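Chains, contacts and geometry: an overview
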Amino acid sequence: MADINDPRTLHPKIDPPQQEQPHPGLDKRLEPKADLGLESYEGNGRLTGRKALITGGDSGIGAAVAIAYAREGADVAISYLPEEQEDADVIIKAIEDAGRKALALPGDLQELAQCEKTVADTVEAFGGLDILVNNASRQIWHDGIGNIPDEDFDATMKSNVYSSYRVTKAALPHLKPGSSIIFTSSIQAYQPSPHLLDYALTKAAMNNLSKGLAEQLAPEGIRVNAVAPGPVWTPLQPSHGQPPEKLEEFGQHSPLGRAGQPAELAGAYVFLASDEASFVMGETLGVTGGTPTP
Ligand code: NAD
Ligand code: MG
């Protein structure tokens, strides 16, 4: 890499060809391929010896964070839906190639028992837990509130809000001072798209929950923060995450003029998990390509 890089061109502007995948979608089938940092991320020992759990760590942003955490020295458990095993296999191998312990946790986090098992299995395999990244989410677009089937609304609330809340609750008894919890919000928390009403409200909830919990847990030495991504090229988008026409020129309306790649999110999650962020609590770090997160 050069000494200095222009963020406008560091990653290409993408014009994805027409494509659709069944939910939850696979990184493996994305066209063009997303950049998870597999070729580029270099660790600097910033998370040496930590034990991390990343929900939805099989693909997209969660996968980029899993790769980065392992290369920074953490053991990493990833949860995902059973249909995503092929993507998960790639990330498990990347964690092991970094010389760290990996744990694969397939299962549906809409279920309370699965949320609790995900934490229990991680603690058992790694002998503890210090970093929790609540990243799993479901995004299905609908043309108007009247067209959101109640079951869909329920599945989105359960996958996004309930899962983050329940996994966090199960993790808390295991977290020591110095631990870090990171929620994944979105630009949608501030500028909800009309076709993503249910999803957008779950992302606003992530900000609210992280701020309330940050204040509650600061006296225990546990830091809680959130990351709010802008448009990032991941399998969430072509698996009914956007109407097909919104995928054309994806992300080109951001001030930077292009979509983000998952690899560009990893640094924010590494920072918030590491001791460099020891005085950072209740913050939402926007990684949006220039759209303000007020
Ligand atoms: P992604 O599809 O790669 O990751 C989301 C993951 O969530 C899936 O891989 C899946 O394993 C998991 N998941 C969904 N429902 C689940 C369930 N019921 N049980 C278990 N796991 C479940 O997409 P991504 O874009 O990398 O999404 C990661 C996070 O980033 C999400 O919280 C999303 O809301 C947020 N985000 C993404 C964008 C974007 O433009 N891609 C923008 C803002 C916020
Ligand atoms: Mg996935």
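Just so it is clear, the model here is predicted, and its values are computed rather than measured.

Here we take up the site of ligand 1. Taken together, 29 residues sit near ligand 1, with S59, E84, N135, Y199 and T234 positioned nearest. Side-chain polar atom of D108 to a nitrogen atom of ligand 1: 2.8 Å apart, as the coordinates give it. A distance of 2.7 Å is found between an oxygen atom of ligand 1 and a backbone nitrogen or oxygen belonging to N135. In isolation ligand 1 has 800 Å² of accessible area, and contact with the protein removes 98% of it. Elements that contribute at least two residues to the shell around ligand 1 include exactly α1 (60-71) and α5 (197-217). Here the shell around ligand 1 is composed, by residue class, of eleven nonpolar, 14 polar and four charged.

Moving on, we get to the side chain of K203. Assignment of secondary structure puts K203 in helix α5. No salt bridge is formed by the buried K203. Its closest oppositely charged neighbour is D198, at 12 Å. At 2.8 Å, the side chain of K203 and the backbone oxygen of T184 are in polar contact. Each residue touching K203, except ones within four places of it in the same chain, is listed here: S137, N160, T184, S185, S186 and A189.

A separate point is the pairing of strand β3 (residues 102-106). Here β3 shows a clear split, with L103 and L105 buried on one side and none of A102, A104 and P106 buried on the other. By the bridge criterion, five bridges tie strand β2 (residues 75-80) to β3 in an arrangement that is parallel. Bridge pairing in β3 links V76 to A102. Between β2 and its parallel partner β3, the chain crosses via helix α2 (residues 85-97), and the hand of that crossover is right-handed.

Attention now moves to the packing of helix α4 (residues 150-171) against α5. Closest axis-to-axis distance for the α4/α5 pair is 10 Å, and the angle between their directions is 15 degrees. When the axes of α4 and α5 are compared, the pair comes out roughly parallel. Judged by the sense of rotation from one axis to the other, the crossing of α4 with α5 is right-handed. The segment α4 lies against α5, with D152, F153, T156, M157, N160, V161, S164, Y165 and T168 engaging D198, Y199, L201, T202, K203, A205, M206, L209 and L213.

This part covers the pattern of salt bridges. On inspection of all chains with the given rule, the structure shows twelve salt bridges. Here E276 ties to R46 by a salt bridge, and the two come within 2.7 Å at their closest N and O atoms. Remark: R46 occurs in the segment before β1 (51-55) and E276 occurs in the loop between α7 (263-273) and β7 (284-287); sequence separation between them is 230 residues. Judged by its relative accessible area of 27%, R46 falls in the partly exposed class. Residues R258 and E264 are paired through a salt bridge, measuring 2.8 Å at the closest nitrogen-oxygen approach. Classification of E264 by relative accessible area gives partly exposed; the value is 29%. Residues joined in a network through salt bridges with shared partners are R46, E72 and E276.

The rules behind each value
Residues numbered from 1 in each chain as written. Chains lettered and ligands numbered in written order. Predicted model: local features only at pLDDT ≥ 70, side-chain atom pairs only at ≥ 80, totals over all residues. Heavy atoms only, no water. Near = heavy atom within 4 Å. Polar contact = N/O pair within 3.5 Å; in protein donor to acceptor, adjacent residues only side chain to side chain. Areas by Shrake-Rupley, 256 points an atom, 1.4 Å probe, with all protein chains shown as cover. Helix = DSSP H or I, 4+ residues; strand = E, 2+ residues; numbered from the N terminus. Nonpolar A, V, L, I, M, F, W, Y, C, P; charged D, E, K, R; others polar. Buried < 20%, exposed > 50% of the residue type's maximum accessible area, 1.4 Å probe, protein only. Lys, Arg positive; Asp, Glu negative; His and termini not counted. Salt bridge = Lys/Arg side-chain N within 4 Å of Asp/Glu carboxyl O. Contact = heavy atoms within 4.5 Å. Pairing = 2+ DSSP bridges. Right-handed = clockwise from strand over helix to strand, strands pointing away. Axes fitted to C-alpha atoms, helices over the stretch in contact; angles between N-to-C directions. Parallel < 35°, antiparallel > 145°, perpendicular 65-115°, else oblique. Left-handed = near helix turned anticlockwise from the far one by under 90°.

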